[in-house]
Amino acid sequence: MKAAAVGARLVSTGETMADQEDNVTIPGYSRLLQMDPYLKPYERDFKRRYELLQKQLLQLEEAEGGFDLFTRSYKTFGVQRRPDNSLFFKEWAPAAEALFLTGDFNNWDKFSHPYTKKEFGKWELILPPKHDKSPAVDHNTKLKVVVHTKEGKRLYRISPWAKYVIKEEKSVIYDWVHWDPPQPYIQIHPRPKKPTSLRIYEAHVGIASPEGKIASYTNFTINVLPRIKDLGYNCIQLMAVMEHAYYASFGYQITSFFAASSRYGTPDELKQLIDVAHSLGILVLLDVVHSHASKNTEDGLNQFDGSDSCFFHSPPRGEHSLWDSRLFNYSSWEVLRFLLSNLRWWMEEYRFDGFRFDGITSMLYHHHGIGTGFSGDYSEYFGLQVDEDSLVYLMLSNHILHTLYPDCITIAEDVSGMPALCRGVEEGGLGFDYRLAMAIPDKWIQILKELKDEDWNIGNIVHTLTNRRYGENCVAYAESHDQALVGDKSLAFWLMDKEMYTNMSSMIPMTPIIDRGMQLHKMIRLLTHGLGGEGYLNFMGNEFGHPEWLDFPREGNNQSYHYARRQFNLVDMDHLRYCQLYAFDRDMNRTEDKYGWLAAPPAFVSAKHEEDKVIVFDRANVLFIFNFHPSKSFQDYRVAVEVPGKYKIKLDSDAVQYGGHGRLDHNTEFFTEPLPFIHFSNNLCCITIPLCILMLTQFRGFCTFILKKLQN
């Protein structure tokens with residue numbers, strides 16, 4: 001293939017590959033080294049990665065006319081209607097002996113419409129319009145690609161570029177349906193601007209209803225979007241949209257990469273959902289899965305052309321032993337075309353605002369993270385264990401997305417801690433905007449699971465929340481969908497367990513378990529929100545302490561939908577305390593929107609007192625104060641502040657409307673004093689405040705609140 005040689009550079013006599021790498025210049029590499037000088041010994045690794053990226057871009061320019069045209073391949077592959085209403089079909093099936101098209105349009109004749117073989121494994125077919133000038137294949141009718149293999153087998157396949165697939169009620173296999181509506185939905189609202197503070201509502205359309213069924217895009221648009229807006233989130237991360245045959249995979253075993261899941265409705269209904277979200281000023285990110293693909297053959301990519309490779313590496317490299325799925329060959333030209341065009345498709349056709357890339361750790365390393373504990377030693381992130389094909393694919397994806405869509409947001413799910421993951425490709429980084437702070441929810445679960453309240457290690461909590469690479473943005477979260485799945489428990493369930501079913505009424509006194517659970521639920525969230533990162537994420541329903549885990553219908557639960565839903569109705573019952581947790585989450589986001597701590601530099605922690613269980617920090621000229629002591633409150637407590645002046649309470653977890661005990665007077669004004677404070681220089685001021693005045697012995701100490709300096 002001509003394109004494969006373009007951009008290659010011959011090594012002259014005596015010139016080694018190391019010499020080549022020494023000649024590579026990364027424009028912004030010095031900025032990366034200024035932030036982290038310990039990366040200097042790995043300069044050649046960064047140069048090699050950057051050179052591979054530049055070669056890839058050069059090849060795209062010379063062989064395909066640039067990445068803009070290359071990533072629009074969804075307009076030439078699959079099925080396309082031309083201006084004269086003829087239909088053009090194109091596939092890549094390099095191992096196939098012959099290809100035919102069959103379907104409703106030809107009464108499922110297996111041989112009447114053969115594709116013509118082209119160069120590089122391509123196959124093409126043109127269907128002229130009918131006598132009445134209408135397309136030969138009607139909108140909403142079924143199609144199949146018939147693949148004849150060199151071994152004489154006849155396979156029935158769905159086009160990898162299929163834009164709509166459905167499953168009949170009693171069927172197991174999905175069908176390819178030609179989607180070409182006469183009056184498609186036209187989105188009218190512009191994309192919102194990229195926010196400085198990213199507050200993400202992680203959501204799954206199918207479970208977004210109290211009813212025991214698969215909910216729809218339309219239900220989400222009408223009933224859930226207003227709640228997200230009210231809660232103060234400015235971004236939605238939509239899960240399980242790319243079509244997946246097995247509902248219980250949570251959308252992580254993709255079968256059709258260009259098809260929006262039909263179980264929730266039509267493509268037009270998803271477009272409307274995104275359009276309405278944009279009208280509310282809310283961005284929508286797609287949870288994109290390019291790390292692996294389902295093993296399904298009849299309705300997936302696997303063995304599309306009859307071979308064990310095609311889009312994937314041949315086994316064993318092409319199989320993920322834990323996920324039981326196929327792994328892409330990122331060095332393949334046509335795989336790059338497919339995946340990069342897939343990103344472009346979701347941005348252009350549906351107007352998503354960016355992506356959360358799933359399973360990045362599996363892509364970055366040949367060992368896929370299996371049986372590997374990352375200690376943080378830099379040698380773990382470089383060398384032969386790194387899969388540079390997929391690493392360069394991620395660099396290429398981010399470069400293309402951010403070049404074409406400057407406000408595009410990309411988030412990486414990586415547990416390894418790869419350095420420069422969230423630095424620009426011009427610095428030698430991978431180009432992501434954010435990484436998920438995956439250690440934080442693990443820490444909260446571990447604490448609630450293993451420790452008594454009095455044994456909490458305050459310093460360790462603060463370390464976990466602040467232990468992130470400087471200059472690389474993190475999305476912090478106390479819990480995501482991972483912690484809500486059956487087999488694990490949400491924070492609310494860890495805190496209150498079965499009492500959530502019997503003692504959440506505000507018409508009866510709070511039991512000690514509900515009291516503790518309510519207060520810690522709020523405090524954990526605010527501490528994570530304020531200290532843990534440059535973005536914040538919440539999984540739907542967890543904001544009000546959803547009382548049940550998630551379990552999708554499967555054989556093990558008799559195909560029940562009872563746990564595959566979110567009970568938003570609980571929030572609407574004023575006599576239940578769920579609405580109090582909801583109110584706190586809402587006001588926490590609104591307070592952040594007003595003061596912008598997520599967009600501010602990392603917090604200055606002035607206190608992490610082990611005996612008192614007190615945490616105090618400044619961020620964005622806001623003073624955060626937490627008392628995690630299980631039984632002890634403080635009437636007067638001196639803390640350090642950076643900015644002198646007068647302060648007032650702006651958010652208080654102990655307020656009655658949030659299920660607290662109302663122990664703080666919000667009319668009180670707090671004045672700083674120019675006094676020295678232990679461990680800090682004299683230019684810090686002190687402020688004396690109450691940390692929940694102890695009124696009755698059964699009231700616990702747990703509380704948190706925010707003080708804001710008033711204008712002079």
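Residues numbered from 1 in each chain as written. Predicted model: local features only at pLDDT ≥ 70, side-chain atom pairs only at ≥ 80, totals over all residues. Heavy atoms only, no water.

This is how it is decided: UniProt positions are given in the numbering used here, feature names are shortened, and annotations may be inferred rather than shown by experiment.
Looking up the chain in an unreviewed UniProt entry gives the name 1,4-alpha-glucan branching enzyme, with the organism given as Anabas testudineus. Among the UniProt annotations of the chain, the heading Pathway (unreviewed entry) holds the following wording: "Glycan biosynthesis."

**Re the overall build of the chain**
To keep things clear, this is the line we draw: Secondary structure elements are defined from DSSP: runs of H or I of at least 4 residues count as helices, runs of E of at least 2 residues count as strands, and each element is numbered from the N terminus. The quantity called the radius of gyration is restricted to C-alpha atoms. Its globule counterpart is 2.2 Å times the number of residues to the power 0.38. Per-residue accessibility takes into account occlusion by the displayed protein chains alone, with areas from the Shrake-Rupley method and a 1.4 Å probe. The charge count includes Lys and Arg as positive and Asp and Glu as negative, but it does not include His or the ends of the chains. Taken as the charge location is NZ of Lys, CZ of Arg, CG of Asp or CD of Glu.
Of regular secondary structure, the chain possesses 16 helices and 29 strands. Against the 2.2 N^0.38 benchmark of 27 Å for 712 residues, the chain shows a C-alpha radius of gyration of 28 Å, consistent with a compact globule. A total accessible area of about 28,100 Å² is found for the chain, and carbon and sulfur atoms account for 51% of it. With 76 positive and 90 negative side-chain charges, the chain shows a spacing of 2 Å between the two charge centroids.

**Focus: the sheet that holds strand β2 (residues 87-92)**
Quick note on the threshold: Paired strands, as defined in this entry, are two strands with at least two bridges between them according to DSSP.
Strand order in this open sheet of 4 strands is β1-β2-β5-β4, and the pairing throughout is antiparallel. Sheet topology places β1 (78-81) and β4 (116-117) at the edges, where each strand pairs with a single neighbour. Note: β2 against strand β5 (residues 122-127), 6 bridges, orientation antiparallel. Residue Lys 90 lies in a different strand from β5, and its bridge partner there is Glu 124.

**A closer look at the sheet that holds strand β10 (residues 198-204)**
Across a sheet, paired strands are connected by hydrogen bonds in the backbone, their directions being either parallel or antiparallel. What counts, and what does not: Axis definition: a line fitted to C-alpha atoms, limited for helices to the stretch in contact. Angles are taken between N-to-C directions and run from 0 to 180 degrees. When checking whether two residues touch, look at their non-hydrogen atoms; a contact exists if any pair is within 4.5 Å.
The 8 strands are arranged β10-β11-β14-β17-β18-β19-β20-β21 in a closed barrel whose pairing can be described as parallel. In this sheet, neighbouring strand axes are inclined to one another by 30 degrees on average, regardless of whether the strands run parallel or antiparallel. Examined bridge by bridge, β10 and strand β21 (residues 535-539) share 5 bridges and lie parallel to one another. Following the sheet pairing, Arg 199 is matched in β21 by Tyr 536. In the packing of helix α6 (residues 217-231) onto the sheet, the strands contacted are β10 and β11 (235-239), and the crossing angle to β11 comes to about 140 degrees. Packed onto the sheet, helix α10 (residues 388-404) meets β17 (354-357) and β18 (409-412) and runs at close to 165 degrees relative to β17.

**Notes on the packing of aromatic side chains**
How we decide: A pair of Phe, Tyr and Trp rings is counted when the ring centres sit within 6.5 Å of each other, with Trp represented by its six-membered ring. The angle between the planes then sorts it: under 30 degrees is stacked, over 60 is edge-to-face, the rest tilted. Burial here depends on accessible area, computed with a 1.4 Å probe over protein chains only, as a share of the maximum for the residue type. Under 20% is buried, over 50% is exposed, and the range in between is partly exposed. As a reminder, the over-ring test applies to NZ of lysine and CZ of arginine, requiring each to be within 6 Å of the ring centre and within 35 degrees of the ring normal.
Going through the model one piece at a time under the given rule, you end up with 48 aromatic pairs. Aromatic pair Phe 355 and Phe 357: ring centres 6.1 Å apart, planes at 70 degrees, arrangement edge-to-face. Note on Phe 357: relative accessible area 1%, which makes it buried. Over the face of the ring belonging to Trp 494 we find Lys 489, whose NZ or CZ atom lies 4.3 Å from the ring centre.

**Concerning the domain arrangement of the chain**
Note the cut-off: For each domain, the first and last residues come from an automatic or database assignment.
According to the domain assignment, the chain contains domain 1 (75-328) and domain 2 (601-699). Using C-alpha coordinates to define each centre, domain 1 is positioned 53 Å away from domain 2.

**With respect to the pattern of salt bridges**
Which entries qualify depends on this criterion: Counted as salt bridges are all cases of a side-chain nitrogen of Lys or Arg within 4 Å of a carboxyl oxygen of Asp or Glu.
Inspection of every chain in the model, using the stated rule, returns 49 salt bridges. Salt-bridge contacts for Asp 175 lead to Lys 142; the nearest nitrogen and oxygen are separated by 3.4 Å. Here Lys 142 lies in strand β6 (residues 142-149) and Asp 175 lies in strand β9 (residues 175-177), a separation of 33 residues in the sequence. You can call Lys 142 partly exposed: its relative accessible area is 22%. Put simply, Asp 593 and Arg 199 hold a salt bridge, and the shortest N to O gap is 3.2 Å. Here the residue Asp 593 occupies a position in helix α16 (residues 578-595), and Arg 199 occupies one in strand β10, the gap between them amounting to 394 residues. Through salt bridges that share partners, Asp 36, Asp 414, Arg 435, Arg 469 and Glu 472 make up one connected network.

**Notes on unusual backbone geometry**
The peptide bond linking Pro 315 to Pro 316 adopts the cis configuration, its omega dihedral lying at 5 degrees. Note that Pro 316 resides in the loop between β14 (283-288) and β15 (319-320). Even without a glycine there, the phi angle at Trp 108 is positive, about 60 degrees. With respect to the helices and strands, the residue Trp 108 is situated in the loop between β3 (96-103) and β4.

**Describing helix α8 (residues 333-348)**
Our working definition: Expected helix span is computed as 1.5 Å times (number of residues minus one).
The end-to-end C-alpha distance of α8, which contains 16 residues, comes to 22 Å, matching closely the 22 Å that a straight helix rising 1.5 Å per residue would cover. Burial analysis of α8 places 15 of its 16 residues in the buried class, the great majority of the element.

**Observations regarding the nonpolar core**
To be explicit about the condition: The definition of a nonpolar core used throughout is a set of buried Ala, Val, Leu, Ile, Met, Phe, Trp, Tyr and Cys residues joined through side-chain atoms within 4.5 Å.
Ranked by internal contacts, the top residues of the largest apolar core, which has 188 residues, are Phe 89, Phe 220, Leu 238, Trp 346 and Trp 444. With 10 residues, the top contributor of residues to this core is α8. Other than its neighbours up to four places away in sequence, Trp 346 contacts Val 241, Met 242, Phe 257, Phe 258, Ala 259, Ala 260, Leu 270, Leu 286, Arg 351, Phe 352 and Phe 355. The next biggest cluster of nonpolar side chains, apart from the first, holds 14 residues, and it includes Ala 607, Val 616, Val 639 and Phe 670.

**Focus on the UniProt feature "active site" (unreviewed entry) in the chain**
So the rule is basically this: Two kinds of site are reported from a 1 Å grid over the protein atoms alone, namely cavities, where a 1.4 Å probe fits but cannot get out, and pockets, open sets with protein on both sides within 12 Å along at least five of seven lines, and residues are called lining when an atom falls within 4 Å of a point. Distance and chemistry together define a polar contact, namely a pair of N or O atoms within 3.5 Å, with one atom able to donate a hydrogen and the other to accept it when in protein, and with adjacent residues in sequence counting only for side-chain atoms on both sides.
Cross-referencing UniProt, the feature "active site" (unreviewed entry) maps to Asp 358 and Glu 413 in the present numbering. Look at the named residues: they lie 56 residues apart in sequence, but the longest C-alpha span between them is just 5.5 Å, so in the fold they bunch up. Within the annotated group just given, the residues that line the largest cavity are Glu 413. Relative to the helices and strands, Asp 358 resides in the loop between β17 and α9 (360-364). Those residues in contact with Asp 358 that lie beyond four places of it in its chain are Tyr 252, Asp 287, Val 288, Val 289, Ser 291, His 292 and Glu 413. Every residue in contact with Glu 413, bar those within four places of it in the chain, is listed here: Arg 356, Phe 357, Asp 358, Gly 359, Ile 360, Thr 361, Leu 436, Met 438 and Asp 482. Within the local environment of Glu 413, its side chain forms a polar contact with the side chain of Arg 356, the two groups lying 3.3 Å apart.

**What about the side chain of Asn 219?**
For Asn 219, the position within the fold is in helix α6. A polar atom in the side chain of Asn 219 sits 2.8 Å from the side chain of Asn 223. For Asn 219, the residues in contact, after removing those within four places along its chain, are Ala 208, Ser 209 and Val 224.

**Considerations on α16**
Between its terminal C-alpha atoms α16 stretches 26 Å, which fits the 26 Å expected from 18 residues at 1.5 Å a residue. Once α16 ends, the next one or two residues include Gly 596, with phi positive near 70 degrees.

**So, the UniProt feature "domain: Glycosyl hydrolase family 13 catalytic" (unreviewed entry) in the chain**
Per the UniProt record, "domain: Glycosyl hydrolase family 13 catalytic" (unreviewed entry) is annotated on residues 195-577. Span residues 195-577 is 31% helix and 13% strand, its end C-alpha atoms 32 Å apart.

**Here we look at the environment of Pro 190**
For Pro 190, the location among the structural elements is in the loop between β9 and β10. Contacts of Pro 190, omitting those with residues within four sequence positions, involve His 278 and Arg 351.

**Quick look at the packing of α6 against helix α7 (residues 267-279)**
Which entries qualify depends on this criterion: In this scheme, roughly parallel covers angles under 35 degrees and roughly antiparallel covers those over 145, while 65 to 115 is roughly perpendicular and the rest are oblique. Each crossing is labelled by how the near helix is turned from the far one, with a counterclockwise turn of less than a right angle marking it left-handed and a clockwise turn marking it right-handed.
In the contact formed by α6 and α7, the axes pass within 8 Å of each other and the chain directions differ by 20 degrees. The orientation of α6 relative to α7 falls into the category roughly parallel. Where α6 crosses over α7, the two elements pack in a sense that is left-handed. The segment α6 lies against α7, with Tyr 217, Thr 218, Phe 220, Thr 221 and Leu 225 engaging Glu 269, Leu 270, Leu 273, Val 276 and Ala 277.

**Some thoughts on the pairing of strand β22 (residues 604-609)**
Note that β22 and strand β23 (residues 614-619) share 5 bridges and pair antiparallel. Looking across to β23, one finds that Val 605 is bridged to Phe 617. What sits between β22 and β23 in their antiparallel hairpin is a turn of 4 residues, with Lys 613 showing a positive phi close to 60 degrees.

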